Amino acid sequence: GDSVTQKQGQVTLSEDDFLFINCTYSTTTYPTLFWYVQYPGQGPQLLLKVTTANNKGISRGFEATYDKGTTSFHLQKASVQESDSAVYFCALVYTGANTGKLTFGHGTILRVHP
Amino acid sequence: GGIITQTPKFLIGQEGQKLTLKCQQNFNHDTMYWYRQDSGKGLRLIYYSITENDLQKGDLSEGYDASREKKSSFSLTVTSAQKNEMAVFLCASSIGGGTEVFFGKGTRLTVV
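The structure contained in this document is the topic of the report that follows. These numbers were taken from a predicted model, which means no experiment stands behind them.

Rules of the game
Residues numbered from 1 in each chain as written. Chains lettered and ligands numbered in written order. Predicted model: local features only at pLDDT ≥ 70, side-chain atom pairs only at ≥ 80, totals over all residues. Heavy atoms only, no water. Helix = DSSP H or I, 4+ residues; strand = E, 2+ residues; numbered from the N terminus. Rg over C-alpha atoms; globule rule 2.2 N^0.38 Å. Buried < 20%, exposed > 50% of the residue type's maximum accessible area, 1.4 Å probe, protein only. Contact = heavy atoms within 4.5 Å. Areas by Shrake-Rupley, 256 points an atom, 1.4 Å probe, with all protein chains shown as cover. Lys, Arg positive; Asp, Glu negative; His and termini not counted. Charge placed at Lys NZ, Arg CZ, Asp CG, Glu CD. Core = buried A, V, L, I, M, F, W, Y, C linked by side-chain atoms within 4.5 Å. Buried area = accessible area lost by both parts, 1.4 Å probe. Salt bridge = Lys/Arg side-chain N within 4 Å of Asp/Glu carboxyl O. Polar contact = N/O pair within 3.5 Å; in protein donor to acceptor, adjacent residues only side chain to side chain. Nonpolar A, V, L, I, M, F, W, Y, C, P; charged D, E, K, R; others polar.

## Description of the overall build of chain B
Within chain B, the regular secondary structure consists of zero helices and eleven strands. Ordered by position in the sequence, the α and β elements of chain B form the string β-β-β-β-β-β-β-β-β-β-β. Computed over C-alpha atoms, the radius of gyration of chain B comes to 13 Å, within 12% of the 13 Å expected from 2.2 N^0.38 for 112 residues, which places it in the range of a compact globule. Counting over 112 residues, chain B shows a buried share of 49%. Of the contacts formed within chain B by residues at least 6 apart in sequence, a portion of 54% connects residues at least 24 apart. For chain B, the accessible surface area stands at approximately 5,400 Å², while carbon and sulfur atoms represent 45% of it. Here chain B carries 13 positive and 11 negative side-chain charges, and the mean point of each set is 7 Å from the other.

This is the structure we're talking about:
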């Protein structure tokens, strides 16, 4: 079955640091890949989405590139702010699915100190 | 825009009790989902429904029932609450395949 792996349980940075969150996936299909962000007391919300057609997603200063060769979809941001502190989930769905049934990674907690 | 409303926000139940969580969406989405969120384990799908009166089991359906009596609402029942299933339960909805999934704020379940 499909699986998503986020190796980092927690990342701690200072403001203006570079962010890199690792995500790799395993699937036998052509996936659509997502990054969701969850702020305290909220449900996850979509940060960015990438399909095989567009390869790269950019949103609010975050970017992720879909690499079929390494089956990776790492999240990056050049300069983090304290307000970026949240939990980040990598997820995938089978592109041809008739539902949005997502497979999630375990999440990475990002803490940004001022 | 729309919103997903989950009730209650906090639910405390006794071990062995039957408990029901409710969810309403006004996006007019066809598909609705129940996910369970445990710390450090990500989100795992319990049930989903692609239309009114449809139910499909997810990876974690054992110990749960679901009901989709109207397009806008989807309820989840914990058939016999256990202490090891204390978690946050998230309701979500989407138009269909490969599209954005919208989440509610969750119901935090505590079993005493």
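Now, onward.
## A few points about the nonpolar core
One finds Leu19(A), Trp35(A), Leu47(A), Leu48(A), Phe73(A), Leu75(A) and Tyr88(A) to be the most contacted residues of the largest nonpolar core, which totals 25 residues. Put simply, the parts of the chain that give this core at least two residues each are strand E2 (10-14), strand E3 (19-21), strand E5 (31-38), strand E6 (45-50), strand E8 (62-65), strand E10 (86-94) and strand E12 (108-113) of chain A. Top element by residues in this core is E10(A). It accounts for four residues. Ranked by size, the runner-up nonpolar core spans 20 residues in total, among them Met32(B), Tyr47(B), Tyr64(B) and Leu109(B).

## A word on the interface of chain B and chain A
It is common to give the size of an interface as the accessible area lost on bringing the parts into contact. Each partner contributes residues to the interface: chain B has 22 residues there, and chain A has 21 residues. For the pairing of chain B and chain A, the buried interface totals around 1,700 Å² over both sides, and the portion due to carbon and sulfur atoms is 58%. On inspection of chain B and its partner chain A, the count reaches zero salt bridges. In this structure, the connection of chain B to chain A is made through four residue pairs in polar contact (both at pLDDT 80 or more). Elements supplying a minimum of two residues to the side of chain B that touches chain A: strand E4 (31-38), strand E5 (42-49) and strand E9 (87-94) of chain B. Across the side of chain B that touches chain A, the residue classes tally to nine nonpolar, ten polar and three charged.

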